[in-house]
Amino acid sequence: MATSPVDSLSTKLLNRRGLIRGTTATVVSILKQQLVVPPAYSADDVPSASASTADVTVPKSKSVVVLGAGGGTGRECVKALLSSNRPCIATNRKGDFEYNEESGNPTLNPNLLSVAAADVTSPSSLSDVISSKKSNIGAVIFAASASTKGGDPSSVDREGVLNAARCCIANRIPRLVVVSSGTVTRPDSAVYKLLNFVGKGIMEEKMKGEDGLRELYADPNLIRRGLGYTVIRPGGLTVGESLGASALELNQGDDKSGRLARSDVAALCVNCLDSGDAFDATFECYNANTAKPVESVGFSNIMKSTDATKYVSGYERRGDTWEDLFRGLLRDKGHDDVA
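Structure report, in brief.

About the thresholds
Along each chain, residues carry numbers from 1 onward, in the same order as the chain's sequence is written. The predicted origin of the model limits local features to residues at a pLDDT of at least 70 and limits the giving and counting of side-chain atom pairs to 80 or more, whereas totals for whole chains, interfaces and linings rest on all residues. By convention in this description, side-chain values take in all heavy atoms of the structure and omit both hydrogens and water. Working definition: helices are DSSP H or I runs of at least four residues, strands are E runs of at least two. Numbering for both runs from the N terminus. Using a 1.4 Å probe on the protein chains alone, a residue whose accessible area is under 20% of its type maximum counts as buried, one over 50% counts as exposed, and one in between counts as partly exposed. Whether two strands pair comes down to DSSP finding at least two bridges between them. The handedness of a crossover follows from its direction of travel: if, with the strands pointing away from the viewer, the path from the first strand over the helix to the second runs clockwise, the crossover is right-handed. Buried residues of nine kinds, namely Ala, Val, Leu, Ile, Met, Phe, Trp, Tyr and Cys, make up a nonpolar core once their side-chain atoms join them within 4.5 Å. An axis is simply a line fitted to the C-alpha atoms; with a helix, the fit covers only the stretch in contact. Between two such axes, the angle follows the N-to-C directions and lies from 0 to 180 degrees. Throughout this description, any angle smaller than 35 degrees is read as roughly parallel, any larger than 145 degrees as roughly antiparallel, any in the 65 to 115 degree range as roughly perpendicular, and the remainder as oblique. Each helix crossing is assigned a hand: it is left-handed if the near helix lies turned anticlockwise from the far helix by less than a right angle, otherwise right-handed if that turn is clockwise. Contact criterion: two residues are considered in contact whenever any of their non-hydrogen atoms come within 4.5 Å of each other. Note on residue classes: Ala, Val, Leu, Ile, Met, Phe, Trp, Tyr, Cys and Pro are nonpolar, Asp, Glu, Lys and Arg are charged, and everything else, Gly too, is polar. Each C-beta atom gives one direction from the helix axis, and the arc is the one those directions make.

1. Brief notes about unusual backbone geometry
Piece 1. Although it is not a glycine, asparagine 85 sits at a positive phi angle of roughly 60°.
Piece 2. As for its placement among the helices and strands, asparagine 85 is situated in the loop between α3 (72-83) and β2 (88-92).
Piece 3. The phi dihedral of threonine 183 is positive, around 65°, even though this residue is not glycine.
Piece 4. Relative to the helices and strands, threonine 183 resides in the loop between β5 (175-179) and α6 (190-198).

This is the structure we're talking about:
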């Protein structure tokens, strides 16, 4: 009997991740759940309009710490920072991060790169890195996630995010950027169910991490002092060169997703530091031509579809430049009413 695309992808995913073994029947049944009409959303499901503020961007002279630099997205963040001539402190648990792409590449300056040990599950480990260099640190990018070697979802995707947030607040780091996941607020969707099943509760813990982060940063005094965050929710991750701002679509409300390269996620992490519109904001991201309602995006991504949905949420953002792409993002609720 021929193997279906869903069966094939499920088997590859399970074997590659090494997180679960055995039958793929549960995963297949999750992926095959599809609806075509997105639910109606009320005003309470989307962020609020941005408040007027002073400059909350991060100077390019300031170093950016990458937590989880050894992972696929973290490594792309290091590359994006060096390409942007931003000083970078690349961290992993052992402090043995190696990055060789700068050799022979005139666009990357190896003198801007330093390496340190940091374990997101250990507050003291984070403090050792950030406190000692806080005067020169402008941002922290959280690109870590649970793995078979690096901790479970509760320790990394929830507590790790909260540890990083507390450390950034305590040391007055202007911006914390967290790489989360699209559909994280949609437990009814097939993608959520699949990722949560394969990742042993990872989507639940990512959502708890996001919620706890927003609560920590809701203090009006922090907002007035220009201490904030950006939560980025990418769609399905692919490998390849960045397509740039003009190829992407941002959305708010978690009702659309798609797929995009890790390199474009990294580019968003780095370029949002130049944007006041991305301050205290949460958004989804994907290649514009892969946009689908979350109910059907899983199968669309498997089939590598490039026919974008006609559904419009009303909260999409497009732009030819990074500045234009971020312009008009809405602040998260509770973070929009501080003058």
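2. Looking at the pairing of β2
Piece 1. For β2, a buried count of 5 out of 5 residues is recorded, marking the element as mostly surrounded by other parts of the structure.
Piece 2. The sheet contact formed by strand β1 (residues 63-67) and β2 spans 4 bridges and is parallel. Looking across to β2, one finds that leucine 67 is bridged to threonine 91.
Piece 3. A crossover connection joins β1 to the parallel β2 through α3; in handedness this β-α-β unit is right-handed.
Piece 4. Looking at chain direction, β2 and strand β3 (residues 113-117) are connected through 5 bridges and run parallel. Paired with cysteine 88 across the two strands is leucine 113, which belongs to β3.

3. What to know about the nonpolar core
Piece 1. Core analysis: the biggest nonpolar cluster contains 40 residues, and Val78, Leu268 and Phe326 have the highest contact counts within it.
Piece 2. A per-element tally of this core places helix α9 (residues 262-271) first, with 6 residues.
Piece 3. By size, the runner-up hydrophobic cluster in this structure holds 29 residues, among which are Ala144, Val156, Ala164 and Tyr229.

4. Some remarks on the sheet that holds β1
The pairing of strands in a sheet happens through backbone hydrogen bonds and is either parallel or antiparallel.
Piece 1. Strand order in the open sheet made by the 8 strands is β3-β2-β1-β4-β5-β6-β11-β8, with mixed pairing throughout. Strand pairing shows two members of the sheet lacking a second neighbour, β3 and β8 (248-251), which therefore form its edges. Averaged over all neighbouring strand pairs, the angle between strand axes comes to 25°, with direction disregarded.

5. Focus on the packing of helix α4 (residues 123-132) against helix α5 (residues 153-170)
Piece 1. Viewed as axis vectors pointing N to C, α4 and α5 meet at an angle of 40°, and their least axial separation amounts to 10 Å. Overall, the two elements α4 and α5 adopt an arrangement that is oblique. α4 and α5 meet at a crossing whose hand is right-handed. Contacts from Pro123, Leu126, Ser127 and Ile130 in α4 reach Asn163, Ala164 and Cys167 in α5.
Piece 2. Grouping the amino acids of the contact of α4 with α5 by side-chain chemistry returns 5 nonpolar, 2 polar and no charged.

6. Notes on the side chain of threonine 183
Piece 1. Of the residues examined, threonine 183 reaches a relative accessible area of 1% and is grouped as buried.
Piece 2. What threonine 183 contacts, discounting residues up to four positions off in sequence, is Ser189, Val191, Tyr192, Met203, Asp254 and Val294.

7. Looking at the environment of isoleucine 141
Piece 1. Relative to the elements of secondary structure, isoleucine 141 occurs in strand β4 (residues 137-142).
Piece 2. Residue classification places isoleucine 141 among the buried residues on the basis of a relative accessible area of 0%.
Piece 3. A sequence separation of 64 residues divides isoleucine 141 from cysteine 77, and the C-alpha atoms of the two residues are 8.1 Å apart.

8. Overview of α4
Piece 1. What α4 keeps buried is the set Ser125, Leu126, Val129 and Ile130. Taken down its axis, α4 places every buried residue within 115° of arc, on the same side. Every exposed residue of α4 that faces more than 90 degrees away from the buried side is listed here: Asp128 and Ser132.
Piece 2. Of the surrounding elements, those touching the buried residues of α4 are β1, β2, β3, β4 and α5.

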